[in-house]
Amino acid sequence: MTPMDTYTFHMPTRILSGAGAVSRLAAECASLGRRPLIVTGRNSARACGLLDRVLAQFPEAAVFTEVEENPGTAVCDRGGLLCREKKCDFVIALGGGSPMDAAKVIAVLATNDTKAAELFGADKYAATPLPIVAVPTTAGTGSEVTPYSVLTDESQGMKRTVKGASLFPALAVLDPETQVSMPRSVTIATGLDALSQVMEGLVSRNATPPGDVLALDACRLVRRWLPVAVREPGSLEAREAMLRVAMYSGVIIAQSGTTMVHGMGYYYTLRHGLAHGLANGLLLAPMFAFNAREVPGKVAALAAALGCPVESDDPDEVAEAVAGGVHALFGGLGVSPAARDHGVPESVLDGYADEVAGDPYRFRNQPGVITPELVRRLYHASWEGAW
Ligand code: NAP
């Protein structure tokens, strides 16, 4: 190791995993208090009975069920007010990345006299947030183990991140029984989100050796179990495997950040309504064909983990192999890898490419030299389902 190889790896969240783990929530949270604010999305936590199971353990809880998908700052402000009014001791997020991310900022607003819109960036608050407990009901974002909250900045029509070491949840409860009500489309999109995060984490400029090990294992798990979770939604084995993948993906990106896949994918989500994970998934084949030329050894390992081993480290062969592995997965899931089949018009792509290429923050962790021409080519390849 040379001094250039130094890295940090920080993951303070306690993890409780296993079927039925939700029934141990009150016991696990005893040291945090008796009056949580339970934060959920608008329907699914109540509809699948999870909210009632958790409420039964916390008779003094307050409930906030207003979080929309891709939440904005306004809903967090309302949740923060409720948390103060009800004098809650801690926050429990029940849901996918949207409620988990909103809950993190609500926990900040409960102890800091500010607005969510003032929190974008790193450590933009003084007082320690309330403790956060995350019960993910999707297997994708890994937010249950990250120090990030990704919110829609309504003033800019863009996704922005609130970051702070105290946003790592104190506890993450990974219970596969919370997953079985997920519709097929959500299972696919969130599984692709987790895949995207582990692949991006491996090639990030801030990749870490422990993260790399998790990333390759996660790719093998996705290849084996995501199609099973889609085919057999009640399979607790498949659901548990995908929850593990999502958790790994969060642990990885908490160290490495994401790369240009996320920087580009937000346009598909915010301008065309594609689910966050699907949007990223549609960019994987072209983006990793590009990455094969920058970090061929790592991308060859990814290709092998996706079931497409390649003998040489010739970048062209590595690019074919990794893109082939991604497309084989899409084929197994019955999903087109072409953005044009998901409602994105070709006419918008060049404009998005110029915006991405003009904002170095969007590719700060991305290896290689990023030019407008390159980003245009990548968007067009994603649109066609090529690489
Ligand atoms: P989501 O937006 O939380 O949920 C998507 C949909 O799935 C919602 O309609 C939700 O319904 C439903 N749903 C969730 N769990 C369900 C279940 N078990 N059964 C039935 N329906 C269920 O989706 P997500 O992909 O998990 O989260 C995406 C968000 O996370 C984005 O805003 C993204 O930017 C963010 N993100 C954050 C991080 C991070 O580190 N913080 C990382 C990656 C992505 P309800 O709304 O009714 O619950």
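See the structure shown above.
Residues numbered from 1 in each chain as written. Predicted model: local features only at pLDDT ≥ 70, side-chain atom pairs only at ≥ 80, totals over all residues. Heavy atoms only, no water.

Asks: How should the overall build of the protein chain be read in this particular structure?
Replies: Along the protein chain, the regular secondary structure elements total 14 helices and nine strands. For the protein chain, the C-alpha atoms occupy an extent of roughly 60 × 50 × 40 Å along the three principal directions. The contacts in the protein chain between residues at least 6 apart in sequence include a share of 77% that link residues at least 24 apart. Accessible surface computed for the protein chain: about 15,000 Å², of which carbon and sulfur atoms make up 51%. When the 33 basic and 41 acidic side-chain charges of the protein chain are each reduced to a single mean position, those positions are 6 Å apart. (Helix = DSSP H or I, 4+ residues; strand = E, 2+ residues; numbered from the N terminus. Contact = heavy atoms within 4.5 Å. Areas by Shrake-Rupley, 256 points an atom, 1.4 Å probe, with all protein chains shown as cover. Lys, Arg positive; Asp, Glu negative; His and termini not counted. Charge placed at Lys NZ, Arg CZ, Asp CG, Glu CD.)

Asks: Whenever I open this one, the pairing of strand S9 (residues 171-174) confuses me. Can you help?
Replies: Regular strands show a simple pattern: their side chains alternate between the two faces of the sheet. Burial of S9 is two-sided: the residues Leu171 and Val173 facing one way and the residues Ala172 and Leu174 facing the other way are all buried. Here strand S1 (residues 14-17) pairs with S9 via four bridges, running parallel. From the neighbouring strand, Leu16 faces S9, where its bridge partner is Val173. (Buried < 20%, exposed > 50% of the residue type's maximum accessible area, 1.4 Å probe, protein only. Pairing = 2+ DSSP bridges.)

Asks: Sorry, what's going on with the environment of Cys308 here?
Replies: Among the structural elements, Cys308 can be located in the loop between helix H11 (296-305) and helix H12 (315-333). In sequence terms Cys308 and Thr259 are 49 residues apart; their C-alpha atoms lie 23 Å from each other. If near-sequence neighbours (up to four positions away) are discounted, Cys308 is found in contact with Ala303, Ala321, Gly324 and Gly325.

Asks: What exactly am I supposed to notice about the nonpolar core here?
Replies: A general tendency of soluble globular proteins is for nonpolar side chains to be buried together. Counting residues in each nonpolar core, the largest one holds 83 residues, and the members touching the most others are Leu195, Met199, Tyr268, Phe288 and Tyr379. Residues Leu37, Val67, Leu82 and Leu119 belong to the second largest nonpolar core, which totals 31 residues. (Core = buried A, V, L, I, M, F, W, Y, C linked by side-chain atoms within 4.5 Å.)

Asks: Can you help me understand the environment of Gly96 in this one?
Replies: With respect to the secondary-structure elements, Gly96 resides in the loop between strand S4 (90-95) and helix H5 (97-109). For the pair Gly96 and Thr190, spaced 94 residues apart in sequence, the C-alpha separation works out to 8.9 Å. Not counting chain neighbours up to four residues away, the residues in contact with Gly96 comprise Thr137 and Thr138.

Asks: Sorry if this is basic, but what is going on with the site of the ligand here?
Replies: Asn43, Ser44, Ser98, Thr138 and Lys159 are the nearest of the 28 residues found near the ligand. The separation between an oxygen atom of the ligand and a polar side-chain atom of Thr146 is 2.8 Å. Contacts to the ligand include Ser181, whose side-chain N or O atom sits 2.8 Å from a nitrogen atom. Isolated, the ligand exposes 940 Å² of accessible area, and the fraction of that covered by the protein chains is 90%. Elements with a minimum of two residues in the shell around the ligand: H5, strand S7 (148-153) and helix H6 (184-203). Residues belonging to the shell around the ligand are distributed by class as follows: six nonpolar, 17 polar and five charged. (Near = heavy atom within 4 Å. Polar contact = N/O pair within 3.5 Å; in protein donor to acceptor, adjacent residues only side chain to side chain. Nonpolar A, V, L, I, M, F, W, Y, C, P; charged D, E, K, R; others polar.)

Any functional reading would require information beyond the geometric quantities listed.
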